[in-house]
Amino acid sequence: QVHLQQSGSGLVKPSQTLSLTCTVSGDSISSGGYYWSWMRQHPGKGLEWIGYIYYSGSAFYNPSLKSRVTISIDTSENHFSLNLTSLTAADTGMYYCARGDGFSFWFDPWGQGTLVTVSS
Amino acid sequence: QSVLTQPPSVSAAPGQMVTISCSGSSSNIGNNYVSWYQHLPGTAPKLLIYDNYERPSGIPNRFSGSKSGTSATLDILGLQTEDEGLYYCASRDSSLNHGVFGGGTKLTVL
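Residues numbered from 1 in each chain as written. Chains lettered and ligands numbered in written order. Predicted model: local features only at pLDDT ≥ 70, side-chain atom pairs only at ≥ 80, totals over all residues. Heavy atoms only, no water.

> What is the right way to read the sheet that holds strand β1 (residues 3-8) of chain A from this model?
Note: strands within a sheet are paired through backbone hydrogen bonds, in either parallel or antiparallel orientation. All names here are of chain A. Overall, antiparallel pairing links the four strands, which are arranged β1-β3-β8-β7 in an open sheet. Edge strands, defined here as strands with exactly one partner in the open sheet, are β1 and β7 (69-74). With strand direction ignored, the average angle separating the axes of adjacent strands in the sheet is 20°. (Pairing = 2+ DSSP bridges. Helix = DSSP H or I, 4+ residues; strand = E, 2+ residues; numbered from the N terminus. Axes fitted to C-alpha atoms, helices over the stretch in contact; angles between N-to-C directions.)

> In this structure, what is going on with the pairing of strand β3 (residues 34-39) of chain B? I would like to understand it.
Look at any regular strand and the pattern is simple: side chains alternate between the two faces of the sheet. Residues and elements named next belong to chain B. Most of β3 is tucked away: six of the six residues are buried. Residues Val34, Trp36 and Gln38 of β3 are buried on one face, and the alternating residues Ser35, Tyr37 and His39, pointing to the opposite face, are buried as well. In this sheet, strand β7 (residues 85-93) lies alongside β3 in antiparallel orientation, the contact comprising six bridges. Along β7, the bridge assignment pairs Ser35 with Ala90. (Buried < 20%, exposed > 50% of the residue type's maximum accessible area, 1.4 Å probe, protein only.)

> Quick question: what am I supposed to make of the nonpolar core here?
One recurring pattern in soluble globular proteins is that nonpolar side chains are buried together. Counting 24 residues, the largest nonpolar core has Leu18, Trp38, Val69, Phe80, Leu82 and Tyr95 of chain A as its most contacted members. Of all the secondary-structure elements, those providing two or more residues to this core are β3 (18-25), β4 (35-41), β5 (47-53), β7, β8 (79-84), β9 (93-101) and β11 (114-118) of chain A. Looking at this core, the element that brings in the most residues is β3 of chain A, giving four residues. Setting aside chain neighbours within four positions, we find Val69 of chain A in contact with Ile50, Tyr61, Leu82, Asn83 and Leu84 of chain A. Membership of the second largest hydrophobic core comes to 22 residues, among which are Leu4, Ile76, Leu79 and Val100 of chain B. (Core = buried A, V, L, I, M, F, W, Y, C linked by side-chain atoms within 4.5 Å. Contact = heavy atoms within 4.5 Å.)

> Would you mind going over the interface of chain A and chain B with me for this structure?
Accessible area lost upon the coming together of the parts serves often as the stated size of an interface. Taken together, the contacts link 21 residues of chain A with 21 residues of chain B. Summing both partners gives a buried area of about 1,700 Å² for chain A against chain B, and 62% of it is carried by carbon and sulfur. There are zero salt bridges connecting chain A and chain B. If you look at where chain A meets chain B, you find seven residue pairs in polar contact (both at pLDDT 80 or more). (Buried area = accessible area lost by both parts, 1.4 Å probe. Salt bridge = Lys/Arg side-chain N within 4 Å of Asp/Glu carboxyl O. Polar contact = N/O pair within 3.5 Å; in protein donor to acceptor, adjacent residues only side chain to side chain.)

> What should I look at first to understand the state of the cysteines in this one?
Each disulfide consists of one covalent bond between the sulfur atoms belonging to two cysteines. Following the criterion strictly, the structure yields two disulfides over all chains and no others. At a sulfur-sulfur separation of 2.0 Å, the disulfide partner of Cys22 of chain A is Cys97 of chain A. When the S-S torsion is 60°, as for the bridge of Cys22 of chain A with Cys97 of chain A, the disulfide is right-handed. You can see Cys22 of chain A sitting in strand β3 and its partner Cys97 of chain A sitting in strand β9, a full 75 residues away along the chain. For the pair Cys22 of chain A and Cys97 of chain A, one class covers both residues: buried. In this model, Cys22 of chain B is linked to Cys89 of chain B through a disulfide, with the two sulfur atoms separated by 2.0 Å. Here Cys22 of chain B and Cys89 of chain B share a disulfide; its torsion about the S-S bond, 75°, makes the bridge right-handed. Residue Cys22 of chain B is located in strand β2 (residues 18-23), and its partner Cys89 of chain B is located in strand β7; the two are separated by 67 residues in the primary sequence. Grouping residues by exposure puts Cys22 of chain B and Cys89 of chain B together as buried. (Disulfide = S-S within 2.5 Å.)

> So what exactly am I meant to see when it comes to the environment of Arg99 of chain A here?
Residue and element names in this part refer to chain A. Position of Arg99 relative to the elements: it lies in strand β9. Residue class for Arg99 comes out buried when judged on its relative accessible area of 10%. Sequence separation between Arg99 and Ser31 is 68 residues; the distance between their C-alpha atoms is 13 Å. Those residues in contact with Arg99 that sit more than four places away from it in its chain are Val2, Leu4, Asp27, Tyr34, Tyr35, Trp36, Trp106, Phe107, Asp108 and Pro109. At 3.1 Å, the side chain of Arg99 and the side chain of Asp27 are in polar contact.

Remember, this is a structural readout, not a statement about activity or role.
Structure below.
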């Protein structure tokens with residue numbers, strides 16, 4: 001059974017960088033076939049796709065975040081990471097990682113979620 | 001304002017059926033696959049339907065999806081109290097060149 005476990009700090013100061021990692025068990029990132037993804041949910045709002053990365057390192061981002069986001073992958077550690085720079089209060093919310101299908105755009109399973117609060 | 005439009009809320013009694021709609025356009029639902037997610041309080045979202053109507057293993061057959069033109073529908077039969085939560089549709093948008101989610105529908109089982 002595939003399991004995604006998120007780690008990283010949930011409290012970040014304005015203008016700083018958010019760094020989250022998603023460690024995969026039960027599947028090998030380097031086996032290909034899936035896009036390793038990040039989504040977020042602002043308080044009281046719907047889900048937003050942040051971006052995803054293929055095992056080769058090719059990454060695709062939501063244009064609204066592209067200038068501030070980097071998704072990276074470490075096949076030796078079987079994990080992938082999210083960096084989001086220049087944080088503001090508008091970046092506060094729940095962040096999720098997930099395994100995805102790049103063509104059909106479905107995501108399964110998801111990580112447990114990380115509550116990110118941007119506050120001084 | 002989400003690219004995919006869902007009703008904010010739906011409700012029905014236990015044992016009844018409920019339908020959740022997801023309306024889009026030719027750049028997303030009309031020419032791409034739709035997936036549906038269940039998001040219960042305190043849990044991570046769970047995939048219910050992918051590729052318009054396919055169910056992942058372990059998802060009960062009382063959950064079904066369909067698509068017609070630029071709209072998609074999630075039907076839930078035999079409602080149970082544990083079905084209460086948020087439901088999202090999602091699709092790729094070819095014009096935006098990225099994936100989009102609906103705004104979510106809150107299901108209340110009366």
